[in-house]
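Listed below are the residues making up each chain.
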Amino acid sequence: MEARELTLRYGTKAAIQKVSLAILDRRVTALIGPSGCGKSTFLRSLNRMNDLIPGTNHTGTILLDDTDIHDRSVDVVDLRRRVGMVFQKSNPFPKSIFENVAYGLRVGGMKDKAALAQRVEKSLRGAALWDEVKDRLHDSALGLSGGQQQRLCIARALAVEPQVLLMDEPASALDPIATAKIEELIHELKSTYTIAIVTHNMQQAARVSDRTAFFYMGELVECGPTEQIFTNPREKRTEDYVTGKFG
Amino acid sequence: MDRQATMEQGLTQTAFAPALSPAARRRQLREKAIAGIITLMAFTGIAALILIIVFVAKEALALFTDPAARHEASLSKMFLAQDVPAGRPAFRWQPVSKIPKVSMIPLFVGTLKTTVVSMMVAVPLGVFGALFAAEFAPRRLRELLKPVIELLAGIPSVVLGFFALMVMSTVVKDVFHFDRPLNAMVAGLGLALAIVPVIFTVSEDALTAVPRSYREASLALGATPWETAWKVVLPAAAPGILAACVLGFGRAIGETMIVLMASGNADVISWSLGDSARSLSATIAAEMGEVVVGSPHYSLLFFIGVQLFIFTFVLNLLASTWTKRVMRRLTGGAA
Amino acid sequence: MKHATRRTVGLALTAFTGLCAFVIVAVLALILADILEGGAAGVTWTFLTQPPSDGMMGGGIFPAIFGTAALTLLMTVAVMPVGVLTAVYLHEYAPPDSLFARWVRVAVVNLAGVPSIVFGLFGLGFFILFVGRGMDRVFGHEEMYWAQPGILWASLTLAVLTLPVVIVSTEEALRAVPLDHRTASLALGATQSQTLARVVLPGALPGILTGAVLAISRGAGEVAPILFTGAAYFLPELPTHLNSQFMHLGYHTYVMATQSPDVEATRPLLYATVLVLLLLTFALNLVAVIIRTRTRRKAAGAH
């Protein structure tokens, strides 16, 4: 997945300026930068969640399998099934655990009960949650702990089997143990999924990602292998940020 | 998707664009159809309002187009004093007598009398009650007060009319030594019961919208809670309270059953509260049942309906403008 | 002014506002007590299940209860889809700053302020004389079939009257559904209508029910709009067709209270009728208040 010269405006104010960035297959790409730098906006434009905010417009292209996702041939519903998203605040539906995971499948038209159950189990296993919830699949999802809820949201996103998984600060509201579990999970997921993760936490970026992109004031300053960005950045601004001089 | 040249600027190849899949097209069409139906449904509210005024006015139109009706009930006969044999009042509403008399003045007087009485009672009760709930009442009491007011608002007006007729009329007659049990006073007090909840609720909303910081600033300057409420909170919420009163006024003008049951319904012009009164709304209710469809009298009743519609419409617009203004000022929002 | 005086004056005036609040509550209590006292003895099984007899001097009010129920049922069926979908349009579908949505809001606010008697005129002028006559012409009824007062027209008139109640409650309910749930659903590839049907409406259901209950309570108590659109004073048989006239608790109260030849003789029956009407509307209101308080508390806890 790749963005080319993507500029996105809220009204007339540009939130991101001419960003060109590739999210490589089966790699974890971390988007870092100070608050308001446009990294979340960029992430949300990858599955067109920004369409929901009135007054946004864009120029440039975002390619997924060589097709511009804004092309008329691309249906936004199909796009979002291929590019899943996990949000900063866990947001399970007030339904049972099972129904939460099955939601994307049901709206996609899957009716066969056995197939649904199979996919739910697979997704929950994929999100390393199965063992914790297998005995209470039909209890409300709101009874889970914060970390479990976030993993449930990941399972829910995995259930529709997307190619790309976007994560918007998925662990920022969690305690260290739950965060570690999520990070471990990201590690496992990257063998099957292409992942882009926005994070505030530079240690986390360093731990989980293969590539890191540094955003500043709506622009992409630098992008490269994570190790290089953190040890030997090309840009002064990147160095200042990763060494904690501002941000 | 695994590309080299990741940071290259500009398009390196033309995007490959197949047509939209049939499933996606069907889905998009279905979504459009659903959105269309929902939008169409939303039109009902506007349509209803337009149909109401159009069809009520349509039945009244004969007064202006039909020569016979125009003769029997001209605007001057409705609103100006008529030459009548000596010793008889010049304004009468007797549309079914041999020589129909169609002056609306007694109806206006009757409506005004009952409405003013109700406002004199309901405004202080509602506004001060709301002030108490918003400023002084302990939280528990306030949480009890609101449902109680909602219950009062939930009493059907016919029940309030019944109460005014069966209970209040006797009490009022004894207290004020009126000649007749059914009069403008009883009807007005009955109306007050119907509009107190409106005034209370809207006032309370306006008062609670006043930011806490206003109160804290005033209290910090050494004002007592009462002075804070009176000099800071009340003025800040004033347009909202005015709106509450206007809404209550509109409700009182239009309310039918209470006045119909408790006012006595005589077309007298008198400013005494002990006399019977006939309001615009009650006139429609009382006479529509016996009227010949299409007759001048019938059109007259619809014409009264048009007037009621216009009065309340204007009052409502005023009230909603003021409410919006107070909310905008207090929340500081641009919306 | 000395501090002590200021305090005393303040306290006195505060007490006065408390008195105002108390008077409102006291009057409500007085009304309830009077009606309960006058009517409790009259509400018997026979009263609830028998038609009136002896020229309204005896018997029960079953046809009025049935008529009121049938009327409000028809009204609810008519008003709920329109009201809920209008609120859905306003809150979920309307583009921001939509002029149309603003007009709808203005119309709804003003509709709520139209006097109920004007709704009665509207029901007569529009439903009976326009729609009814038109239907008779189309279906070739020789004599009046639809162009006369009947339960269908009365219920549709009430549906228009209660439309604002449903719209306002539904919109409040929709506001209480967290935005997160909509975003999550859309991000999973649900369409807008799927999100609406599977996440938003179920989440708003308690509030929508509150709206329905409030509308029913309002509709059950209104008399002015049905005066010329279908209510009948004495009609021992129950309404069987959509164009049948019907008895109604509120209308029954009005006629018995104002046109009874012998007020003293009918007083117990009258009180009992009022008590039934009041219990009905109060029970409905109470249900609405309880659902609403509960959802508000839940909504407050969720944020």
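Every value quoted in this text rests on a predicted model; they were computed, and no experiment measured them. (Residues numbered from 1 in each chain as written. Chains lettered and ligands numbered in written order. Predicted model: local features only at pLDDT ≥ 70, side-chain atom pairs only at ≥ 80, totals over all residues. Heavy atoms only, no water.)

## Examining the overall build of chain A
Inference 1: From N to C terminus, chain A includes 10 helices and 10 strands.
Inference 2: Principal-axis analysis of the C-alpha atoms gives chain A an extent of 55 × 45 × 30 Å.
Inference 3: The buried share of chain A, taken over its 247 residues, is 58%.
Inference 4: Restricting the contact set of chain A to residue pairs at least 6 apart, pairs at least 24 apart contribute 66%.
Inference 5: For chain A, the computed accessible surface area is about 10,200 Å², with 48% contributed by carbon and sulfur atoms.
Inference 6: Between the mean site of the 33 positive side-chain charges and the mean site of the 31 negative ones, chain A shows a separation of 3 Å. (Helix = DSSP H or I, 4+ residues; strand = E, 2+ residues; numbered from the N terminus. Buried < 20%, exposed > 50% of the residue type's maximum accessible area, 1.4 Å probe, protein only. Contact = heavy atoms within 4.5 Å. Areas by Shrake-Rupley, 256 points an atom, 1.4 Å probe, with all protein chains shown as cover. Lys, Arg positive; Asp, Glu negative; His and termini not counted. Charge placed at Lys NZ, Arg CZ, Asp CG, Glu CD.)

## Considerations on the pattern of salt bridges
Side chains bearing opposite charge may pair, as long as their charged atoms lie close to each other.
All names here are of chain B.
Inference 1: As enumerated under the stated definition, the model contains 28 salt bridges over all chains in all.
Inference 2: For the salt bridge of Glu204 with Lys146, the shortest nitrogen-to-oxygen distance reads 3.1 Å. Of this pair, Glu204 sits in helix α8 (residues 184-208) while Lys146 sits in helix α6 (residues 139-154), placing them 58 residues apart in sequence.
Inference 3: The class for Lys146 is partly exposed, based on a relative accessible area of 33%. (Salt bridge = Lys/Arg side-chain N within 4 Å of Asp/Glu carboxyl O.)

## Some words on the sheet that holds strand β3 (residues 28-32) of chain A
Residues and elements named next belong to chain A.
Inference 1: The mixed open sheet is built from six strands, whose spatial order is β6-β7-β8-β3-β9-β10. Where the open sheet ends on each side, the last strands, each with one partner, are β6 (83-86) and β10 (219-225). The average angle at which neighbouring strand axes cross in this sheet is 20°, direction not considered.
Inference 2: Bridge count for β3 against strand β8 (residues 194-198) is four bridges, and the pairing is parallel. Paired with Ala30 across the strands is Ile197, a residue of β8.
Inference 3: Running over the sheet, helix α1 (residues 39-46) touches β3, β6, β7 (164-168), β8 and β9 (211-216) and is turned about 150° from β7. (Pairing = 2+ DSSP bridges. Axes fitted to C-alpha atoms, helices over the stretch in contact; angles between N-to-C directions.)

## Observations regarding the packing of helix α6 (residues 146-159) of chain A against helix α7 (residues 176-189) of chain A
Residues and elements named next belong to chain A.
Inference 1: Axis separation between α6 and α7 bottoms out at 9 Å; the angle between their running directions is 20°. In terms of orientation, α6 and α7 fall into the roughly parallel class. α7 is crossed by α6, and the crossing has right-handed handedness. Contacts from Gly147, Gln150, Arg151, Ile154 and Leu158 in α6 reach Ala178, Lys181, Ile182, Leu185 and Leu189 in α7. (Parallel < 35°, antiparallel > 145°, perpendicular 65-115°, else oblique. Left-handed = near helix turned anticlockwise from the far one by under 90°.)

## Re the interface of chain B and chain C
Quoted interface sizes are often the accessible area lost when the parts come together.
Inference 1: Taken residue by residue, the interface counts 73 residues in chain B and 75 residues in chain C.
Inference 2: Of the roughly 6,500 Å² buried where chain B meets chain C, counting both sides, 82% is carbon and sulfur surface.
Inference 3: For the pair chain B and chain C, the interface holds one salt bridge.
Inference 4: Linking Arg6 of chain C and Glu227 of chain B is a salt bridge whose minimum nitrogen-to-oxygen distance equals 2.9 Å.
Inference 5: Along the contact surface separating chain B from chain C lie six residue pairs in polar contact (both at pLDDT 80 or more). (Buried area = accessible area lost by both parts, 1.4 Å probe. Polar contact = N/O pair within 3.5 Å; in protein donor to acceptor, adjacent residues only side chain to side chain.)

## Points about the domain arrangement of chain C
Residues and elements named next belong to chain C.
Inference 1: According to the domain assignment, chain C consists of domain 1 (1-42) and domain 2 (45-302).
Inference 2: The straight-line distance from the C-alpha centre of domain 1 to that of domain 2 is 33 Å.
Inference 3: With nine residues of domain 1 at the interface, the matching set in domain 2 holds eight residues.
Inference 4: Looking only at domain 1, the three residues that lose the most surface to domain 2 are Leu32, Ile35 and Gly42, adding up to 55% of its buried area.
Inference 5: Taken together, the connections running from domain 1 to domain 2 amount to zero salt bridges.
Inference 6: Remark: the boundary between domain 1 and domain 2 carries one residue pair in polar contact (both at pLDDT 80 or more).
Inference 7: Classifying every residue of the side of domain 1 that touches domain 2 gives five nonpolar, three polar and one charged. (Domains from an automatic or database assignment. Nonpolar A, V, L, I, M, F, W, Y, C, P; charged D, E, K, R; others polar.)

## A short note on the sheet that holds strand β5 (residues 67-68) of chain A
Residue and element names in this part refer to chain A.
Inference 1: The sheet built from four strands is open, its strands ordered β2-β1-β4-β5 with antiparallel pairing. At either margin of the open sheet sits one strand with a lone partner, and together these are β2 (13-22) and β5.
Inference 2: Across the sheet, α1 touches β1 (2-10), β2 and β4 (56-64), and the angle it forms with β1 is around 115°.

## Some points on helix α5 (residues 116-139) of chain C
Inference 1: At Gly132 of chain C, α5 of chain C is deflected by roughly 30°, the largest bend along its length.
Inference 2: Downstream of α5 of chain C by one or two residues, Gly140 of chain C has phi in the positive range, about 65°. (Bend = angle between axes of the 7 residues up to and from the residue.)

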